Amino acid sequence: MVCEQKRSGPLNEVKMETTRIYISANTAAVDAAMVTKDNAVRGLAEYHKIPLEQLAVIGDEVIDIPMLTIEGIGLAGAPANAQDKVKEAVKARNGFLAQSKVLDGFLEFYEEARSRGITHIVSDRDGVLVKKGDLSRGNEFQYLALQMGADRNPYVSILTGSGLEQNIEFMEKYGLNANLAKNQDVQSFPYLLLVENGTIHVNVLTGETINYCEALDPDLLAKLKGEFEDTVKKRIEQEVFPMLNLAWSADYNDQAEKIYIAPKQSMTTFNIPRKFRGGSDYRGSENAAILRKTIAGIMAETAEKLSMPYQML
């Protein structure tokens, strides 16, 4: 995929740290990314002149820890289903641990942020707003989004590691579309969806995107999306497929004992299969734990072999 022309915006306001890749193993995927979520949060705060103490962040997986531990952030939080490492990071910052899981936990956090006078919330998507691809509660978020900015209601941006293609249905079900034009505050701040850890910003009213991948180190990016991705893919096929009886998926909706490579411009992502062929959950299984650890290990070994500086999250 080719980078679009860089435009002025949030990520131009911060010094991009792109001298390494960040490897993380989450419930849904194993990623190698050049941008961590704290870059996107800092960029939003600086570009829109939001004091950090008026900004709250919530996440559930290790990929979210960089934004949850930003010094001076107004409030950090996690739903009850968050990974232990995430809960520990939130506790260390005297943050808010919700009693409920996923969207119910987010709504608890939202009310806590509102009571503290927080003006803006940045939320992860999967595991916070959405449970295992279930978009059935999108109408509840739609209602909240229409009220953003009014009556001391915090504004909400969604920051996710997933790509734009993986968010089309989510945007529709959760009301992140032209219907939000009814909210005048959204008209002045329409880039509510930030994908690929914030490298691509999506205008939810028009679908227009702003792409910042040209702000990244071009040599490292080319190696990540070229030799690194190709090498990791080949090793998974040779070493992992026979061990766990897996195959590649060419369709995002076909992930039954199949690994889907998400199309992204600034990250390399291998999705963990959603289910076994018989229909039972795969991502909570022992096989999934082995798969995550193995792919992350292959990524680290490949980065070392290619002399690519990296950090495990």
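To keep things clear, this report deals only with the structure shown in the data block. Bear in mind the structure is a predicted one, so any value in this text is a computation, not a measurement. (Residues numbered from 1 in each chain as written. Predicted model: local features only at pLDDT ≥ 70, side-chain atom pairs only at ≥ 80, totals over all residues. Heavy atoms only, no water.)

### Considerations on the overall build of the protein chain
Basically, it comes down to this: Starting at the N terminus, helices and strands are each numbered in turn, a helix being any DSSP run of H or I of at least four residues and a strand any DSSP run of E of at least two. Values of the radius of gyration come from C-alpha atoms, whereas the globule rule sets the reference at 2.2 Å times the count of residues to the power 0.38. To sort residues, take the accessible area from a 1.4 Å probe on protein chains only and compare it with the maximum for the residue type: under 20% means buried, over 50% means exposed, and anything in between is partly exposed. Residues count as neighbours in contact if any of their non-hydrogen atoms are within 4.5 Å of one another. The positive count covers Lys and Arg only, the negative count covers Asp and Glu only, and His and the chain ends enter neither. The atom standing in for a charge is NZ when the residue is Lys, CZ when it is Arg, CG when it is Asp and CD when it is Glu.
Scanning the protein chain from terminus to terminus reveals 9 helices and 14 strands. Rg of the C-alpha trace for the protein chain: 19 Å, near the compact-globule value of 20 Å for 313 residues, within the 12% margin. With respect to the three principal axes, the spread of C-alpha positions in the protein chain is 55 × 40 × 40 Å. The buried share of the protein chain, taken over its 313 residues, is 53%. Partitioning the intrachain contacts of the protein chain with sequence separation of at least 6 by distance along the chain shows that 64% fall at a separation of at least 24. The positive charge centre, built from 35 side chains, and the negative charge centre, built from 43, are 2 Å apart in the protein chain.

### Digging into helix α5 (residues 138–147)
What counts is decided by this rule: Each C-beta atom gives one direction from the helix axis, and the arc is the one those directions make.
Looking only at α5, the buried set comprises Gly138, Phe141, Leu144 and Ala145. End-on, the buried residues of α5 take up no more than an arc of 120°, which puts them together on one face. Along α5, the residues that are exposed and aim more than 90 degrees away from the buried face are Asn139 and Tyr143. Check the buried side of α5 and you find it contacts α4 (102–115), β7 (155–159) and α6 (168–173). Taken from the residues just after α5, Gly149 is the one with a positive phi, measuring 90°.

### A look at unusual backbone geometry
One non-glycine residue, Glu196, lies in positive phi territory at about 50°. With respect to the secondary-structure elements, Glu196 resides in the loop between β8 (193–195) and β9 (200–202).

### Quick look at the packing of helix α8 (residues 218–244) against helix α9 (residues 286–305)
Going by this rule: To obtain each axis, a line is fitted to C-alpha atoms, and for helices this fit is confined to the stretch in contact; angles are then taken between N-to-C directions over 0 to 180 degrees. Note on convention: the crossing is left-handed when the near helix lies turned anticlockwise from the far helix by less than a right angle, right-handed when the turn is clockwise. When residue character is reported, Ala, Val, Leu, Ile, Met, Phe, Trp, Tyr, Cys and Pro are called nonpolar, Asp, Glu, Lys and Arg charged, and the others, Gly included, polar.
With their axes 10 Å apart at the nearest point, α8 and α9 run at an angle of 145° to one another. As α8 runs across α9, the sense of the crossing is right-handed. Seen from α8, the contacting residues are Phe228, Thr231, Val232, Arg235, Ile236, Glu239, Val240, Met243 and Leu244; seen from α9, they are Asn287, Ile290, Leu291, Thr294, Ile295, Ile298, Met299, Glu301, Thr302 and Ala303. Among the residues making up the contact of α8 with α9, the classes are represented as 12 nonpolar, 4 polar and 3 charged.

### Describing the nonpolar core
The criterion, for reference: Among buried residues, the Ala, Val, Leu, Ile, Met, Phe, Trp, Tyr and Cys ones that are joined through side-chain atoms within 4.5 Å form a nonpolar core.
Phe106, Ile121, Leu129, Phe141 and Phe170 are the most contacted members of the largest nonpolar core, which has 55 residues in total. A per-element tally of this core places α4 first, with 5 residues. Contacts of Leu129, omitting those with residues within four sequence positions, involve Val102, Leu103, Phe106, Ser123, Asp124, Phe141, Ile158, Phe170 and Tyr174. Ile23, Val240, Ile272 and Leu291 belong to the second-largest nonpolar core, a separate cluster that totals 32 residues.

### Digging into the sheet that holds β7
Worth spelling out the cut-off: Strands qualify as paired when DSSP identifies two bridges or more between them.
Judged by pairing direction, the sheet is mixed, and its 8 strands sit side by side in the order β5-β4-β3-β6-β7-β8-β9-β10 without closing on themselves. Whereas interior strands pair on both sides, the edge strands pair on one side only; in this sheet they are β5 (96–97) and β10 (209–211). Where β8 meets β9, 3 bridges bridge the pair, whose relative direction is antiparallel. Among the inter-strand pairings, Leu193 is bridged to a residue of β9, identified as Val202.

### With respect to the side chain of Thr160
Position of Thr160 among the secondary structure elements: in the loop between β7 and α6. Not counting the four nearest positions on each side in its chain, Thr160 is found in contact with Lys37, Asp124, Arg125, Asn167, Leu193, Leu194, Val195, Glu196, Asn197 and Gly198.

### As for the pairing of strand β6 (residues 120–123)
Heads up, the condition is: Orienting the strands away from the viewer, one traces the path from the first strand over the helix to the second; a clockwise path indicates a right-handed crossover.
Burial along β6 is two-sided: the residues His120 and Val122 and Ile121 and Ser123 are all buried. Two elements, strand β3 (residues 55–58) and β6, share 4 bridges in a ladder whose sense is parallel. Paired with Ala56 across the two strands is Ile121, which belongs to β6. As judged from the 4 bridges shared by β6 and β7, these two strands associate in the parallel manner. If you follow Val122 over to β7, its bridge partner there is Ser157. Of the crossover connections in this fold, the one passing from β6 over α5 to the parallel β7 is right-handed.

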